[in-house]
Amino acid sequence: MKEIQDIVRAFAQHEKAGKQTALATVVHVEGSSYRRPGARMLVSEDGQLTGAISGGCLEGDALRKARLAMAQGKPSLVKYDTMDDDDAKLGVGLGCNGIIHILIEPIDTTQPTHPLALLQKVLERRRTAVVVTLFSLQDRKAPQPGTCLLYLPHHQNCQPFQHFLSPALLAQLEPHVLQAAAQEESQTVELEEQGQTYTAFVEVLKPAPALVICGAGNDVLPLVHLAQVLGWHTTVVDGRANYATAERFPTAQQVIVSKPEQVLSQVAVDQHTVFLLLTHNYNYDIAMLRQLLPLQLKYVGVLGPKKKTERLLEELQQEGMYLDSEQRQSLFGPVGLDIGAETSEEIALSILAEIKAVFAQRGGGNLREKALPIHAAQETSAAPFPS
């Protein structure tokens, strides 16, 4: 989500300056690649790049093709075959042993549903959204519809579907969009309209984690800084007014001076919210846990030794609070991955890495130990054609 935030911010600056732009999106990958479908890069007419579609290998050639797409005023689908010797001649030495398809869309700001307008709407709220990018893999010279649909489930102020599709294509796409939203998992499907076959990348976009950090000591400073680098929303809470100040935490979105019993009334909590108890104050921590454990959050981190966490849980049980296995599973104490962290900066790294692993449903182990590829294979399924 950080990449989309940067792209939307850069687009606003280019638009204000009157610069033409194009959006390059990785839409399909066969085999291995540095970036996966959904990776994006904004290109301005004067060559400024925001985001990334590779590890730096494709950007130069994509810039040239983006300028061509801007001049022609229509989207184009570009194919990079890393197993093709021609790529080496072009200076695109990827070494990834795969085929990458990139859709380049010039941005027409006169259209209310241009790609950046849809991405801006995704950022306006902390809810899972679905974006559909439509392209023709079989015929790169065919029209490439591009970013064509945004689905905002449970949106109160507008229709959940915003699109510029024909009724036939929308009818084929809708069940896949709803399924992707319900399962929170992206998928690729094939569609057909009037003899033309299209591939649709149905992409699920989840909000970035929001960190509520209870504690405003010096060890929290690098944690807030690193979270800002990742594009994560941070709230710092402490009962000490001289510690919880905006001057100490300029990159935090919210700084609150509060007793533990009043914290939840001042912060927005959703399924992507994480709480970290870094107060070094046992009484503050247990008061927060009394409120947090019933919320069934994905992650609650507790700083300190394992004995401290066990003592907290034992005291809560003595008070009559029953803790089921799911509640215990969501409690991470001691907080962080075991990377040998000692300094506050290293501890911050271990905490954020653990949160990322939990939300990605990964174990946080060494990649070299994986028997399977790093990324799951991308599958394409055919949508049922209307009779």
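From a predicted model like this one, the values you see are computed outputs, not experimental measurements. (Residues numbered from 1 in each chain as written. Predicted model: local features only at pLDDT ≥ 70, side-chain atom pairs only at ≥ 80, totals over all residues. Heavy atoms only, no water.)

The six strands lie next to each other as S13-S12-S11-S14-S15-S16, forming an open sheet whose pairing is parallel. One side of each edge strand has no neighbouring strand; the edge strands of this open sheet are strand S13 (254-257) and strand S16 (331-332). Note that strand S12 (residues 233-238) and S13 share four bridges and pair parallel. By the bridge assignment for S13, Val-237 is matched with Ile-256. (Pairing = 2+ DSSP bridges. Helix = DSSP H or I, 4+ residues; strand = E, 2+ residues; numbered from the N terminus.)

Here the residue pair Gly-333 and Pro-334 is connected by a cis peptide bond, since its omega of 5° sits within 30 degrees of zero. Mapped onto the elements of the fold, Pro-334 is located in the loop between S16 and helix H10 (344-359). Despite not being glycine, Gln-194 has its phi angle at roughly 50°, a positive value. Relative to the assigned elements, Gln-194 resides in the loop between strand S9 (187-193) and strand S10 (196-205). A residue is classified by how much of its surface remains accessible, and Gln-194, at 81% relative accessible area, is exposed. (Buried < 20%, exposed > 50% of the residue type's maximum accessible area, 1.4 Å probe, protein only.)

Here the domain parsing of the protein chain yields domain 1 (1-205) and domain 2 (210-360). For domain 1 and domain 2, the distance between their C-alpha centroids amounts to 36 Å. Between domain 1 and domain 2, the contact holds five residues from the first and eight residues from the second. Taking both sides of the interface into account, the surface hidden between domain 1 and domain 2 amounts to around 500 Å²; carbon and sulfur atoms contribute 33%. When residues of domain 1 are sorted by the area they lose upon contact with domain 2, Lys-2, Arg-126 and Glu-184 head the list and together hold 82% of the total. Connecting domain 1 to domain 2 are two residue pairs in polar contact (both at pLDDT 80 or more). Residues of the side of domain 1 that touches domain 2, tallied by class, amount to no nonpolar, two polar and three charged. (Domains from an automatic or database assignment. Contact = heavy atoms within 4.5 Å. Buried area = accessible area lost by both parts, 1.4 Å probe. Polar contact = N/O pair within 3.5 Å; in protein donor to acceptor, adjacent residues only side chain to side chain. Nonpolar A, V, L, I, M, F, W, Y, C, P; charged D, E, K, R; others polar.)

Think of two packed helices as two axes; the pair is described by the angle between the axes and how far apart they sit. Contact geometry for helix H6 (residues 221-230) and H10: axes closest at 8 Å, N-to-C directions at 45°. Considering the angle they form, H6 stands oblique to H10. In this structure, the crossing between H6 and H10 has a hand that is right-handed. Along its contact with H6, which presents Pro-222, Leu-223, Leu-226, Ala-227 and Leu-230, the element H10 presents Ser-344, Glu-345, Ala-348, Leu-349, Ile-351 and Leu-352. A per-class count over the contact of H6 with H10 returns nine nonpolar, one polar and one charged. (Axes fitted to C-alpha atoms, helices over the stretch in contact; angles between N-to-C directions. Parallel < 35°, antiparallel > 145°, perpendicular 65-115°, else oblique. Left-handed = near helix turned anticlockwise from the far one by under 90°.)

Here we come to the side chain of Glu-354. Tracing the backbone through its elements, the reader meets Glu-354 in helix H10. Nearest to the buried, unbridged Glu-354 among oppositely charged side chains is Lys-306, at 12 Å. With sequence-adjacent residues up to four places away left out, Glu-354 is seen in contact with Tyr-299, Phe-332, Val-335, Gly-336 and Leu-337. (Lys, Arg positive; Asp, Glu negative; His and termini not counted. Salt bridge = Lys/Arg side-chain N within 4 Å of Asp/Glu carboxyl O.)

Here Ala-181 lies in helix H5 (residues 167-183). Residue Ala-181 is classed as buried on the basis of its relative accessible area of 17%. Note: C-alpha distance between Ala-181 and Tyr-151 (30 residues apart in sequence) is 8.5 Å. What Ala-181 contacts, discounting residues up to four positions off in sequence, is Val-130 and Tyr-151.

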